[in-house]
Amino acid sequence: MKKLFAFVSACALALSLAACSNGSGSTSTPNSGKTSSDKFPNETITLVCPFSAGGGTDIGARNMATALAADLGINVVVENQTGSGGWVAWTDLITGDYDDGYTIGLINHNFVFGELDPENPRQYNLEDVQVLCNQVVDYDVLAIRANETRFSDINSFIEYAKSNPILISAQATGITDGEATKAEWFNKTFGTQITVIPVDGASDSRGMFLAGDTDILFGSISDVNSSYQSGEMQLLCQFAEERSAFIPEIPTVEEATGEKLVAFAARGYFYPKNVSADKVEFMTEALLKAMERSDYIENMAALGLELDNTSGEAYAELLNSQMETRLSIWG
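Residues numbered from 1 in each chain as written. Predicted model: local features only at pLDDT ≥ 70, side-chain atom pairs only at ≥ 80, totals over all residues. Heavy atoms only, no water.

Trainee: With reference to specific residues and values, describe the pattern of salt bridges.
Mentor: Going through the model one piece at a time under the given rule, you end up with 13 salt bridges. Between Glu148 and Arg150 there is a salt bridge, and its shortest N-O distance comes to 2.8 Å. The network of salt bridges with common partners includes Asp71, Lys289, Arg293 and Asp295. (Salt bridge = Lys/Arg side-chain N within 4 Å of Asp/Glu carboxyl O.)

Trainee: Go over the packing of helix H2 (residues 56-72) against helix H10 (residues 277-290), please, and point to the residues and values.
Mentor: The interhelical angle for the contact between H2 and H10, taken along N-to-C directions, is 110 degrees, at an axis separation of 9 Å. It follows from the interaxial angle that H2 and H10 lie roughly perpendicular. Between H2, through Met64, Ala67, Leu68, Asp71 and Leu72, and H10, the contact on the second element is made entirely by Phe282, Met283, Ala286, Leu287, Lys289 and Ala290. When the residues that make up the contact of H2 with H10 are grouped by side-chain class, the tally is 9 nonpolar, no polar and 2 charged. (Axes fitted to C-alpha atoms, helices over the stretch in contact; angles between N-to-C directions. Helix = DSSP H or I, 4+ residues; strand = E, 2+ residues; numbered from the N terminus. Parallel < 35°, antiparallel > 145°, perpendicular 65-115°, else oblique. Contact = heavy atoms within 4.5 Å. Nonpolar A, V, L, I, M, F, W, Y, C, P; charged D, E, K, R; others polar.)

Trainee: Break down helix H6 (residues 178-190) for me, with residues and values.
Mentor: When the terminal C-alpha atoms of H6 are compared, their 18 Å separation across 13 residues agrees well with the 18 Å that a helix rising 1.5 Å per residue should span. Within H6, 10 of the 13 residues are buried, which leaves the element mostly enclosed by the surrounding structure. Regarding H6, the residues found buried are Gly178, Glu179, Ala180, Thr181, Lys182, Ala183, Glu184, Trp185, Phe186 and Phe190. At the N-terminal boundary of H6, the capping side chain belongs to Asp177, with an oxygen 2.7 Å from the backbone nitrogen of Glu179. Immediately beyond the C-terminal end of H6, within one or two residues, lies Gly191, with a positive phi of roughly 75 degrees. (Expected span 1.5 Å × (residues − 1). Buried < 20%, exposed > 50% of the residue type's maximum accessible area, 1.4 Å probe, protein only. Polar contact = N/O pair within 3.5 Å; in protein donor to acceptor, adjacent residues only side chain to side chain.)

Trainee: Would you mind going over the packing of aromatic side chains in detail, with residue names and values included?
Mentor: In this structure the tally under the stated criterion is 16 aromatic pairs. Arranged with centres 5.1 Å apart and planes meeting at 85 degrees, the rings of Trp185 and Phe186 form a pair that is edge-to-face. Overall, Trp185 belongs to the buried group, its relative accessible area being 9%. Note on Phe186: relative accessible area 0%, which makes it buried. (Phe/Tyr/Trp six-rings, centres within 6.5 Å; stacked < 30°, edge-to-face > 60°.)

Next up, the structure:
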């Protein structure tokens, strides 16, 4: 009798386990495809900034990281890789193993001129990357210190610089850098004597300028906005078609001198060439969506950053847009 009872109990237990197994299986979605580990993105995304922390490119990237993280629900960090006017980071991204889509590079006008640098021509151009979208168009200005006594406006500066050497700093020299290009334009247009000192980024330029190590500052509106608003700097002109809404009281260089030069930084994002097309499409849409967040828009406006969401091929054209101007300046 005991043996019979044990046999019946064992059978009942087996049937119970089978029923549990069948019930567990029925909760899965048939042919559900991707598991949570297959979804993109599901781990930290890195935005690689090729310039030093604290400049307009870096701060814009940090605002983007915050907005993108909020939308995607994952960590997004900014990593600064400085050197060679951006080319340390750009070369690493182009030649490295970054095909998983979790590393995004920041790119600006200086990239497209690298191969035209007569002293150090770069072997890469826009054909070696996949541009995603732009973030800002940041017009350039000429700034002096608030306590400057040698010159007080653009014309007195030009007269002084004709007979006295002037030092500025820039992220690179020659055609590959916008600040160096403006210096060359002044030298050729007005006969000034401006010399360029290379640095790693806009924050380094601003620090040297405020410390008195350089004489003037060519920078973007976002690079000088806080110092201008606080009275630490004066702005002599802006290099725009028309006055920016952020500094409407500052004349354009054409208004001030009669000579026209439009110069700005278009800063945005790119993927290395080997990232898949579906991830390129996904991340482009994610970046554009993040730019629509009200908190992002407010934060960028507070910095004097003019938003621009040009994407894809149109963004590549925007990056190339100052090619003719720079070539004409450098001859």
